[in-house]
Amino acid sequence: MATEEFPDSFADVLGGVQRLIRRRLRAGMTEPRLRGAQVELLRLVMAQPGIRVSAAAKELYLAGNSVSTLVNQLVKAGYLHRETDPEDRRSARLTTTPAAETRLREWQARRGALVREQVARLSESDRAALAAAVPALRRLAENLHEEVDGI
């Protein structure tokens with residue numbers, strides 16, 4: 001593959017893998033599907049209980065009103081608690097519900113099992129190549145994150 005083609009091919013493959021993982025995980029689900037942004041918000045709130053809506057918007061690189069809409073949807077679905085911030089009555093702090101935590105843990109377990117199963121089907125050299133690529137992929141993600149922070 002020519003060097004100039006690599007970035008596009010790489011991005012296409014990453015996006016395709018992510019879409020296929022989501023599609024496979026949706027199969028057989030009995031609960032209503034959560035959109036990607038909803039899952040991202042739940043994962044963030046689970047990792048940072050009590051996060052403010054404005055901080056969540058900044059962390060997810062979304063507009064505040066978009067996050068407010070997601071919060072309203074997830075509160076209605078029973079996955080988030082929104083409480084007035086005692087330090088700033090105009091702000092809200094978010095926490096996940098036990099139902100959200102159970103759903104996220106189950107999703108993570110299913111995702112892990114799916115990826116382990118598919119990686120096991122690869123040759124040993126392919127598995128080694130993927131393992132060797134993980135540090136570079138982390139650095140790529142950090143670079144992308146830093147560039148967005150600088151905008």
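Quick caveat: nothing in here was measured; it's all calculated off a predicted structure.

**Student:** Please give an account of the packing of helix 2 (residues 36-47) against helix 4 (residues 64-76) that cites residues and values.
**Tutor:** The N-to-C vectors of helix 2 and helix 4 enclose an angle of 85 degrees; their axes lie 10 Å apart at closest approach. The angle between the axes of helix 2 and helix 4 places the two elements in the roughly perpendicular class. The segment helix 2 lies against helix 4, with Ala37, Gln38, Leu41 and Leu42 engaging Val67, Leu70, Val71, Gln73 and Leu74. Its residues placed into classes, the contact of helix 2 with helix 4 shows seven nonpolar, two polar and no charged.

**Student:** Can you lay out a negative patch on the surface for me, pointing to particular residues and giving the numbers?
**Tutor:** Taken together, the side chains of Glu4, Glu5, Asp8 and Asp12 make up a negatively charged region of the molecular surface. Checked against the element boundaries, Glu5 lands in the segment before helix 1 (6-26).

**Student:** Report on the sheet that holds strand 2 (residues 80-85), specifying residues and quantitative values.
**Tutor:** Reading across from one edge, 1-3-2 is the order of the three strands in this open sheet, with antiparallel pairing throughout. The open sheet is flanked by strand 1 (51-52) and strand 2, the only strands paired with a single partner. Strand direction decides the pairing type here: strand 2 and strand 3 (residues 88-96), joined by six bridges, are antiparallel. Within the sheet, the bridge partner assigned to Asp85 lies in strand 3 and is Asp88. Running at roughly 120 degrees to strand 2, helix 4 makes contact with strand 2 and strand 3 of the sheet.

**Student:** Account for the pattern of salt bridges, naming residues and giving values.
**Tutor:** When their charged atoms lie close together, side chains carrying opposite charge are able to pair. Within this structure, the stated rule accounts for three salt bridges. Here Arg103 makes a salt bridge to Glu31, at a shortest N to O gap of 3.3 Å. With Arg103 in helix 5 (residues 98-120) and Glu31 in the loop between helix 1 and helix 2, the pair connects residues that are 72 residues apart, well separated along the chain. Take Glu31: its relative accessible area is 37%, and that puts it in the partly exposed class. Here Arg52 makes a salt bridge to Glu87, at a shortest N to O gap of 3.9 Å. Taken together, the residues span a long stretch of sequence, with Arg52 in strand 1 and Glu87 in the loop between strand 2 and strand 3 at a distance of 35 residues. What makes Glu87 exposed here is its relative accessible area of 69%.

The rules behind each value
Residues numbered from 1 in each chain as written. Predicted model: local features only at pLDDT ≥ 70, side-chain atom pairs only at ≥ 80, totals over all residues. Heavy atoms only, no water. Axes fitted to C-alpha atoms, helices over the stretch in contact; angles between N-to-C directions. Helix = DSSP H or I, 4+ residues; strand = E, 2+ residues; numbered from the N terminus. Parallel < 35°, antiparallel > 145°, perpendicular 65-115°, else oblique. Contact = heavy atoms within 4.5 Å. Nonpolar A, V, L, I, M, F, W, Y, C, P; charged D, E, K, R; others polar. Patch = residues over 30% accessible without salt bridge, like charges linked within 9 Å, V, L, I, M, F, W, Y side chains within 5 Å. Areas by Shrake-Rupley, 256 points an atom, 1.4 Å probe, with all protein chains shown as cover. Salt bridge = Lys/Arg side-chain N within 4 Å of Asp/Glu carboxyl O. Lys, Arg positive; Asp, Glu negative; His and termini not counted. Charge placed at Lys NZ, Arg CZ, Asp CG, Glu CD. Pairing = 2+ DSSP bridges. Buried < 20%, exposed > 50% of the residue type's maximum accessible area, 1.4 Å probe, protein only.

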